[in-house]
Amino acid sequence: MGSRAFMVFLTHRGSSINPISNVSHLFLKKTPVQYKNQRTQKYFSTKAKSSLEPPNLPRLAETARISLTPDEVEEFAPKIRQVVDWFGQLQAIDLENVEPAIRADTEGDNMRDDLPQNFQNREAIITALPSYEEPYIKVPKVLNKE
Amino acid sequence: MALTFFRGIKTCPLIHFPSAYFARKNGYFYCSMGSTNTQFATQEKQQSADLKTSQKTHKKSADKLLKDYEAVIGIETHVQLHTLTKAFCSCPYSYGAQPNTSICPVCMGLPGALPVLNSKVIEYAVKVGLALNCKLSLNSKFDRKQYFYPDLPKGYQISQFDVPIASGGCIDVDLPVEFGGGHRKFGITRVHMEEDAGKLLHTGNGNYSQVDLNRAGVPLLEIVSEPDMRTGIEAAEYAAELQRLVRYLGVSNGNMQEGSLRCDVNISIRPTGQQEFGTKVEIKNLNSFSSVSRAIDFEISRQVLLHSQGQADQIVQETRLWEEGAQKTITMRKKEGLSDYRYFPEPDLPGVALTEEYVDSIRDSLPELPETKRRRYEKMGLSMQDVLFLTNDLNVAEFFDATIGKGADIKLAANWIMGDIAAYMKNEKLSINEIKLTPQELGDLIASIKGGTISGKIGKEILFELVAKGGTVQGLIKDKDLVQIVDLSEIEKMVDKVLADNPEQLEKYRGGKTRLQGYFAGQVMKESKGKANPKLLNQILLEKLNAKG
C-alpha cells in the first residue's frame, strides 16, 4: 500500500522527464489535494495494513522506467521513506465512520459535446517527435509488452 | 519446454488436425455471416473428406477423450464506440485516415494538456449496460492503468478499475439451428469505459516499429463475460450477439475486420464433474466469429490431449495467438505473475455521476433489442431458421418489419427476403438499404400475387426489375401489360390455338401419352406470355384435351 501510494506520485505525468526535480517537488507540495488522494487510495486497497513496508527503490525506478545511479538511490531512499512514513501517519486516522469518497467533489459535470475539431498546430507536435518518418512515428522495434 | 511440446504434437496423430474433430462445427457462420455461407460449406466438405481417410481410426477415441472434459470459456470484448470524436479530446476519428493526422496535445499526452470527457461515451456506456441487463453504478470514476508501450503516449491508459459503470448483467443467445439450436443465457461480469491505444506496425525489415496514434484516445467499452461458455459455437454466438446488440443500439459498427469489435478468449479445461477451474490460457488475434469458434476448438483439443497424456502441467497461464493460416494457436507470451498496473483514480477527471432521470430517459429510448425481436418473430409463427436470418442484420429486420407493416403476409414476406432478395444482395454485394426495392413495393408485390392480379412467375420477374431499377409494382404491371389473364374465353382461345398448331402431339396424347399435358400447358403459357392464370389454364386445357373429337 505504501509503495502503491508512492507510485501515485512517481508515475504522475511528466515525472519520467526529470525524476529528480519531481521527487524533490513532492516534499514541498503537501497540499490538501494529496490528502484527498490518500483517502481514495484507501478505498482502493484490498487489505488495510497498519504499518507500511519500506520502499524498494530499484523496483520503483524500474516500474517508472527511470534509471538511477547507486548514488542517487542512496540519496533518494531516505527522502522517499519519509514520504511513505508520512502516509503511514495518515493510515492511523480512524475512518471507520467515514464514507469513502470515490472522487474529490467538483462543480458540475464538466463534459463536452461530441463535436469534432482539428487541432490547429499539428505541425508543432510532429516537429517535436524524436523520430518521425512520414506518415509514421518511428520507435525502437517492440514486439512484446512485458 | 516448448520444444518437447511441439515434438509431442508431431508424434501424435491426434492433434494433427485438432480442429477437424469439430469439422461439423466449422460450417456455423451461415447464420451470422450469410455471405460466406457457401465458402464455409465447401471447406467443411473438403475437410471432412480429408478426415475420413486420415482420421477414421482416431476420431472415435478423440471424441471419447473430449467427452471426459469440460471447457470453461470467458470472453473479454472491446467495442469501439462510433463517436465523432475521441473520448477525452475533440480530435475526429475515422478509420483508415492518413496516419497521425488526428492528434492533439491531449491524446499525445503532452504536458499540461487536460482530458475532457465526451458525453456520448457515457450515453453509449449506459445504453450498453442497460441492454445487457446490468446494474449501473450511479457514481463511478476513471482510473489510470500504467504501462509502458509505444502505442500509449501518456504512459497510462485512462480506464475504469474498481468501480465499472455497469456490472452483473446477462445476455440471451439462440444457437444456430444447424448446430442443434437451443437458447443460452450468459452472465456479464462488467462493462467499463476506457480509451484505445494507437496502432503499432512491425515492418518486416529494419529495427524499428511504426506508430499511428490516430486511434489513441478513441473510446472503447470493455465487456467482460462470466466464464459461462462451454464450446466454440457458444462463444462465437455470444460474440455475434454482442455485435448485433451494439449495432441495434447504434453505438458501434461492430466491425471485426476493422478492429471495432475485438475478442480475447480465456479458456481452461477440467475433467467433467470437477469444480475447480483448470489453468487458463488467453487467446488473442481473433478477428472473425469463425476464428473464435475454431481457435477455441483447437485449444480444447490441445489442452485435453496434454491432460490425457499426464502432461497437464504443460498447460501454463499464457497468452496465445490464433494463426489463421495454420489454423492453430501459438505461444505469444508467458505470464510472469500478475502485471502491476498500479491503478489509481485519474486525477485529471471528475467522477462520473448519473442521475436516475438520465438513466430512465436512456432506458426509454432503447430500441427493440435482438432478443426481443427474435421472441416477437417467433410468436408470429416464423421458424427459428427464419427468425435468426431476419434478426441477424438490423437493416434486414427493419425492412421485414416495414413490409409486414404494410399488411404483407408474414411468411411470404420472409420467404421473398430470404430467397430472391437475399440472393440478389449477395450476388451484387449490396446491403438491403442499397437495393432499389422498397418495403412498400414488396408488400404490393405479395398482395398482387396473392390477389391473383399477377402470377408468381411474373411476380419474380417484376421483383428483379424492382430490386435493380426501382419503380412500382402497379407501374410495371401497367407498362408491361402483365396483368394475369383470368378471362376464361381468352384462355380458351389460346388453348384452341395451341391444340390446332400441334395436331401430332394431340394425337399422341389422345393415344395415351398423357405426359404431354405438361408440354401443352407450357405452350399455352408461352402463348399468353406467362400471363395466363395457371390454375384456369390447366383446367381448360384438360377439358379440351380430353374432349373426344
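Please read these numbers as outputs of a predicted model, since none were measured by experiment.

Some remarks on the overall build of chain B
Move 1: When helices and strands are tallied, chain B shows 17 helices and 16 strands.
Move 2: Split into buried and exposed, the 549 residues of chain B put 52% on the buried side.
Move 3: Pairs at least 24 residues apart make up 71% of the contacts formed inside chain B by residues separated by at least 6 positions.
Move 4: Carbon and sulfur atoms provide 53% of the accessible area of chain B, an area that totals close to 24,200 Å².

Topic: the interface of chain A and chain B
How large an interface is tends to be reported as the accessible area lost when its parts come together.
Move 1: With 46 residues of chain A at the interface, the matching set in chain B holds 72 residues.
Move 2: Regarding the contact of chain A and chain B, the summed buried area is about 5,200 Å², with carbon and sulfur atoms giving 58% of it.
Move 3: The interface formed by chain A and chain B holds 0 salt bridges in total.
Move 4: Counting across the interface, chain A meets chain B through 17 residue pairs in polar contact (both at pLDDT 80 or more).
Move 5: Those elements giving two or more residues to the side of chain A that touches chain B turn out to be α1 (2–10), α3 (32–44), α4 (57–63), α6 (122–128), β1 (132–133) and β2 (136–140) of chain A.

A short note on the pattern of salt bridges
Residues and elements named next belong to chain B.
Move 1: Enumeration over the complete set of coordinates arrives at 44 salt bridges over all chains.
Move 2: Across the salt bridge formed by Asp 143 and Lys 141, the nearest N and O atoms sit 2.5 Å from each other. Residue Asp 143 shares its accessibility class with Lys 141, and that shared class is buried.
Move 3: Lys 497 serves as the salt-bridge partner of Asp 501, at 3.2 Å between the closest nitrogen and oxygen. A residue pair is termed a helical-turn pair when its members lie 3 or 4 positions apart in one helix, as Asp 501 and Lys 497 do in helix α14 (residues 488–501) at 4 residues.
Move 4: Overall, Lys 497 belongs to the partly exposed group, its relative accessible area being 40%.
Move 5: Bridged by salt links that share partners, the residues Asp 174, Glu 237, Glu 241, Arg 244, Glu 371, Arg 374, Arg 375 and Glu 378 form one connected network.

Regarding the packing of helix α7 (residues 370–379) of chain B against helix α9 (residues 394–405) of chain B
All names here are of chain B.
Move 1: Put simply, α7 and α9 touch, their axes get as near as 12 Å, and they point 40° apart. As far as their axial angle goes, α9 and α7 are oblique. Between α7 and α9 lies a crossing whose hand is left-handed. On α9, the residues touching Lys 373, Arg 376 and Tyr 377 of α7 are Leu 394, Ala 397, Phe 400 and Asp 401.
Move 2: Class assignment of the residues belonging to the contact of α7 with α9 gives a composition of 4 nonpolar, no polar and 3 charged.

Topic: the packing of aromatic side chains
Residue and element names in this part refer to chain B.
Move 1: Counted according to the given criterion, the structure contains 10 aromatic pairs over all chains.
Move 2: Consider the rings of Tyr 377 and Phe 400, whose centres lie 5.0 Å apart with planes at 75°: the pair is edge-to-face. Linking Tyr 377 in helix α7 with Phe 400 in helix α9, this pair joins segments that are 23 residues apart in sequence. The residues Tyr 377 and Phe 400 share a single accessibility class, namely buried.

What counts and what doesn't
Residues numbered from 1 in each chain as written. Chains lettered and ligands numbered in written order. Predicted model: local features only at pLDDT ≥ 70, side-chain atom pairs only at ≥ 80, totals over all residues. Heavy atoms only, no water. Helix = DSSP H or I, 4+ residues; strand = E, 2+ residues; numbered from the N terminus. Buried < 20%, exposed > 50% of the residue type's maximum accessible area, 1.4 Å probe, protein only. Contact = heavy atoms within 4.5 Å. Areas by Shrake-Rupley, 256 points an atom, 1.4 Å probe, with all protein chains shown as cover. Buried area = accessible area lost by both parts, 1.4 Å probe. Salt bridge = Lys/Arg side-chain N within 4 Å of Asp/Glu carboxyl O. Polar contact = N/O pair within 3.5 Å; in protein donor to acceptor, adjacent residues only side chain to side chain. Axes fitted to C-alpha atoms, helices over the stretch in contact; angles between N-to-C directions. Parallel < 35°, antiparallel > 145°, perpendicular 65-115°, else oblique. Left-handed = near helix turned anticlockwise from the far one by under 90°. Nonpolar A, V, L, I, M, F, W, Y, C, P; charged D, E, K, R; others polar. Phe/Tyr/Trp six-rings, centres within 6.5 Å; stacked < 30°, edge-to-face > 60°.

These results come straight from atomic positions and should not be treated as a statement about function.
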